[in-house]
Each structure stands twice: as structure tokens, then as C-alpha cells.
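Architecture at a glance
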Amino acid sequence: MSTPPTRTRARRFHPAWIVAAVAFLALVGAAGFRSAPSALLLPLENEFGWTRSELSVAVGVNILLYGLTAPFAAALMERFGIRKVVTVALVAISAGAALSIFVTESWMLVLTWGVLIGLGTGSMALVFAAMIADRWFLRRKGLITGVLTAGSATGQLIFLPIVATIATDQSWRTASLLIAAIALAVVPVTAVFLRNSPADLGMTPFGSPADAVPTPPPRSPINPAKRAIQVLGRAAKVRTFWALVAGFAICGATTNGLIGTHFIPSAHDHGMAEPVAASLLAIVGIFDVVGTIASGFLTDRINPRILLAIYYAGRGVSLLILPFLLSATVRPPIILFVVIYGLDWVATVPPTAALCREVFGADGPVVYGWVFASHQIGASLAAIAAGVLRDVTGEYTWAWFGAAALCVVAAVVSAGIARRAIVPA
């Protein structure tokens, strides 16, 4: 009589949910310092006299490596296991944050903010979320991808106002050490609880048929870097890959690159206090959680091409009116902007990951890593270009207008993505 309740309980508390929770926590920890540079640009500018362009280069390198590491991280996770890669990545993030307090030249900032933290966060990034969803869930993949993607927004939500306040009231070095400590504190949790696949526990993925047999994920005998390059070569022959690359590059340019890096300095240019601007950016994080989870839910039910077109079009309209909303005080229109932009921030991730799975099959996670690399390349270029525009023109207006035009391009390209699955050999 006791067997049925035990089985029900086992199904209800499938370990996939524990792994997803630990992955979420790891992404929150990594996101802490990813969101910090925008809150620390002005304190560094005031202390060292570096230009906005010089500071933007450090952020740009961070974002670029964050993206370029992703496809190789996916291959490394397939070869060596998720747990090892994530643990090393968190240690690198913590080291970069801690060492940044010793910088005296802008190139040192490039090494700590740019290289160490870029490589660390890139080794996890959103490809980590996609791999957890693919390995641990047969059902609810879109929803889980959305929830894990929201982890980055949650990190921004939690840490950004704190970092800005500490940097203003104490010092940017104290804020950096706080982020380093938090990232390091997540390491033992991931080392103990994060599992590479359900087969490690003798389980099958959540949603598997009752007669399914636990099967470890295939372990590629090929060098991880070589596999990533081979997958890129196959994907590059498919037109849909380039459509996804173009759309996601624009996505990165209009989120991490522009708003994520320059919203606080731009608001400050209009007379707004840094902690207030950081709080507005944190509100973006709040609604990003809602929007991304909702997008994951919708991705399981609606054509992802339609979702992407709607998301990019809405983002373009928001950016077009942003220059007219910024002021020294927080007024209702700017609150409306951050709410709408938050809902749309990375809502593009679940449908993009779904299209990678649909079109590229088993290569999907690594293909998504390359698509995500384009996201960060776009973000890196936008971060640097916006800093240069600010130094040349004295304002960010043309950066916002240019980003709005790019969003129109992304909407059109996404709507035209091929509707047939193409699984490379």
C-alpha cells in the first residue's frame, strides 16, 4: 500500500528541479559582477580621470569574451561535465572581481573586468541554462530555459542597487569585494549539488516515459574546441543560422551593450543620481524575470518566430522614445519604459534556444553557443560605440536612435526564419 505514494512523491520531487534551482543560484552569483560595471563607471572616471571610451573598452572586452567563450564552454561541458566547468567559472569571476581593486591603469581593468570575468561568465552564460534544460527536462524545456535565463536578471535585481549605493557611500573597491565574495560563496553549492545529467543519479529526465532507461549524455571523443569549430562549419551552411545570428547580435547590442552599460551614465548626464538610476535598471531586472519566464511558457505554445518579431519590434519603439524620457527626476513615463523594456530584455532567449533545437538537433546546444556569441559581439560593439558617441557628441541620443533602427531589422529577419527543420549530419 505504501508503494504508490512513494512513486508519486518521487515523480513530484524529481531531482531535475533541484539541479535547476542550483543552476539558477549559480547564474545569480555570476550575474552580480556582470551587472556591476555600469554602476562603477562613474566612480572610476572620477578617481582616475579615464574617459568614457577607455572604460567602455574594458566593458566591451568583458562582453566580447563572455560571448566568444560560450560555444567552447558548451563543448567543454559535454566533454568534462557541467559541474567542473561551472565551478572553475565561478572561481574566475571571483578572482577577477577581487583583483580589480588593485588597478591603477585602464589596461589593468581590461585584464580583470575584461578577461577574467569575461571568461568566467562566458563559461556559464545562457548556454549553461540551455544545456540544463536539454539534459534534465523532456517537458517544460521552454519554461525552464526562461526561469534559468531570469537568473541573470535576478542577479542584477539583487546586486545592482547595492553595488551603486556602496560605490557612492563607501568605495567602488568595497563593492567589487562584495561581488567577489558572493560569487565565491556559490562555489561549494554547485560543487556539491550540481549534477551533469540524470544518469548520474540513475534517473531519466523529467517528463520521460515510464519505461525510459537512464542514459548518460554522449561524450564527444573530439577535442572540445575542435567540436565547436566543426559545429560552426555545419551551421554556417544553413541560412537560418545567420538569421538567428543577426537577430541575436542586435539583441545584445540593445540590452547588455547599450542599456546595461550606459543607462546609468546616460541618466546621470541628465542629472539623475547614480543609485536612483541603478534602481531603475534593477526594475528592468524585476520585469525581466517575469517576461523571460512568460516567454518560456509562450515558446512551448506559440511559433517562436512570431514571438521574436514581436519582441524586437516592441524594443525598437521603446528605444526610439527613451531620449525624451530621461530627466533628473523619476517620472511615470520612465517607469513605464523600464517596465516594458524589462519584460522584453531577454525574452528573446527561450524562442531562440528553441529554434536552435528545432533546426540543428543534437548540435543545438553548441549552435546556440555560437548564436549567443553573436549576441555578445553585438553587445561589445555597442558598448564601445556608445561610449565613443558620448565622448564625441556629449550625449547618447544617436546611440538610442541607431539601436531602435536595428531592432526593426531584427524583427523582419526573425519573422522570415525558415519553417522546416534542418538537422546537420
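Residues numbered from 1 in each chain as written. Predicted model: local features only at pLDDT ≥ 70, side-chain atom pairs only at ≥ 80, totals over all residues. Heavy atoms only, no water.

Here we come to the overall build of the protein chain. Assigned secondary structure in the protein chain consists of 17 helices and zero strands. Expected size for 425 residues packed as a compact globule is a radius of gyration near 22 Å; at 21 Å, the protein chain falls within 12% of this value. Taken along its principal axes, the extent of the C-alpha atoms in the protein chain is 70 × 45 × 45 Å. The distance from the centre of the 29 positive side-chain charges to the centre of the 18 negative ones in the protein chain is 16 Å. (Helix = DSSP H or I, 4+ residues; strand = E, 2+ residues; numbered from the N terminus. Rg over C-alpha atoms; globule rule 2.2 N^0.38 Å. Lys, Arg positive; Asp, Glu negative; His and termini not counted. Charge placed at Lys NZ, Arg CZ, Asp CG, Glu CD.)

Among the structural elements, V349 can be located in helix α15 (residues 349-360). With relative accessibility at 2%, the residue V349 sits in the buried group. Here the alpha-carbon distance between V349 and V276, two residues 73 residues apart in the chain, equals 28 Å. (Buried < 20%, exposed > 50% of the residue type's maximum accessible area, 1.4 Å probe, protein only.)

Applying the stated criterion across every chain, the model contains eight salt bridges. Close ionic contact of D344 with R315 constitutes a salt bridge, the shortest N to O distance being 3.7 Å. You can see D344 sitting in helix α14 (residues 332-344) and its partner R315 sitting in helix α13 (residues 304-321), a full 29 residues away along the chain. Judged on exposure class, the residue D344 and its partner R315 are both buried. Among the ionic contacts, a cluster of salt bridges with common partners joins E45, R52, D269 and R390. (Salt bridge = Lys/Arg side-chain N within 4 Å of Asp/Glu carboxyl O.)

What follows deals with the confidence of the model for the protein chain. Any residue range with low pLDDT should be treated as having predicted coordinates unsuitable for detailed reading. Residues at a pLDDT of 70 or more form 92% of the protein chain, whose mean pLDDT is 83. By mean pLDDT, helix α1 (residues 3-12) is the weakest element of the protein chain at 45, and helix α17 (residues 397-415) is the strongest at 94. Within the model, the stretch residues 1-11 combines pLDDT values under 50 with one contact to residues more than four positions away or in other chains. (pLDDT = per-residue confidence, 0-100. Contact = heavy atoms within 4.5 Å.)

Here we come to the packing of helix α12 (residues 274-299) against α14. It is the contact of α12 with α14, at a shortest axis distance of 6 Å, that shows an interaxial angle of 40°. Judged by the angle between their axes, α12 and α14 are oblique. Crossing of α12 against α14: the hand is right-handed. Residues L280, I283, V284, F287, D288, V290 and G291 of α12 pack against I334, I335, V338, V339, G342 and L343 of α14. (Axes fitted to C-alpha atoms, helices over the stretch in contact; angles between N-to-C directions. Parallel < 35°, antiparallel > 145°, perpendicular 65-115°, else oblique. Left-handed = near helix turned anticlockwise from the far one by under 90°.)

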